[in-house]
Amino acid sequence: MVKQDKRIIVLSFFRDKERKKLSFTYAEAALATGNKVNYIQKLVSESLKGKYIFQDKRPNWYCKGLLAISDNDFIRITSQSTQAKILTDDEKLYYKLIKRSLNAFTVALEVYNR
């Protein structure tokens, strides 16, 4: 049996609530996913609050936008590891241009100082 990441189970719960346009509480999410309430609360407050999950009225929350992101994007968003970040093509280009311009500046400075 393949072990499934518990964040994917939580994501499927959130997507189900978004699809049905229902609000939920942390306790409902914890009960439905088999996680602790503190885990759900930490996941929402550190990674998702204000971006994908919003407070309806205390203590209810609703999801918006989680249907549009992939499982891998959700894992990356909720990951605590800095190594898990995948650079976009624009970011890769940006870092390459910065490196090339630094090299060009160094060469120009060396030529100037001769």
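The following refers to the structure shown. Source: prediction; values computed, not measured.

## Re the overall build of the chain
Each helix and strand in the chain was counted, giving five helices and two strands. Relative to its length of 114 residues, the chain is extended, with a C-alpha radius of gyration of 21 Å against a globular reference of 13 Å. The dimensions of the chain, computed from C-alpha atoms along their principal axes, are 70 × 40 × 25 Å. Looking at the chain as a whole, 25% of its 114 residues are labelled buried. Counting contacts in the chain only where the partners sit at least 6 residues apart, residues at least 24 apart contribute 56% of the total. Of the roughly 8,900 Å² that the chain leaves accessible, carbon and sulfur atoms contribute 54%. In the chain, the 22 positive side-chain charges and the 12 negative ones have mean positions that sit 3 Å from each other.

## Quick word on helix α3 (residues 37-48)
Between its terminal C-alpha atoms α3 stretches 15 Å, which fits the 16 Å expected from 12 residues at 1.5 Å a residue. Within the span of α3, buried status applies to I40, L43, V44, S47 and L48. Projected down its long axis, α3 shows its buried positions confined to an angular sector of 110°, all on one face. For α3, the exposed residues lying more than 90 degrees away from the buried face are N38 and E46. Turning to α3, the residues buried within the fold contact α1 (6-20), α2 (26-33), β1 (53-55) and α4 (71-78). Directly beyond the C-terminal end of α3, a positive phi value near 85° is found at G50.

## A short note on the side chain of N35
Here N35 lies in the loop between α2 and α3. In this structure N35 comes out as buried when scored by relative accessible area, which is 15%. Each residue touching N35, except ones within four places of it in the same chain, is listed here: K6, V10, A30 and I40.

## Considerations on the side chain of T33
By the secondary structure assignment, T33 is in helix α2. Since its relative accessible area comes to 12%, T33 is described here as buried. T33 has contacts with I9, V10, F13 and I40, leaving out every residue within four places of it along the chain.

## What to know about the environment of Y39
Among the structural elements, Y39 can be located in helix α3. Between the C-alpha atoms of Y39 and Y26, which are 13 residues apart in sequence, the distance is 9.2 Å. In this view, Y39 contacts K6, R7 and V10; residues no more than four positions away in its chain are not counted.

About the criteria used
Residues numbered from 1 in each chain as written. Predicted model: local features only at pLDDT ≥ 70, side-chain atom pairs only at ≥ 80, totals over all residues. Heavy atoms only, no water. Helix = DSSP H or I, 4+ residues; strand = E, 2+ residues; numbered from the N terminus. Rg over C-alpha atoms; globule rule 2.2 N^0.38 Å. Buried < 20%, exposed > 50% of the residue type's maximum accessible area, 1.4 Å probe, protein only. Contact = heavy atoms within 4.5 Å. Areas by Shrake-Rupley, 256 points an atom, 1.4 Å probe, with all protein chains shown as cover. Lys, Arg positive; Asp, Glu negative; His and termini not counted. Charge placed at Lys NZ, Arg CZ, Asp CG, Glu CD. Expected span 1.5 Å × (residues − 1). Arc of directions from axis to C-beta.

As far as function goes, none of this settles anything; it's purely spatial.
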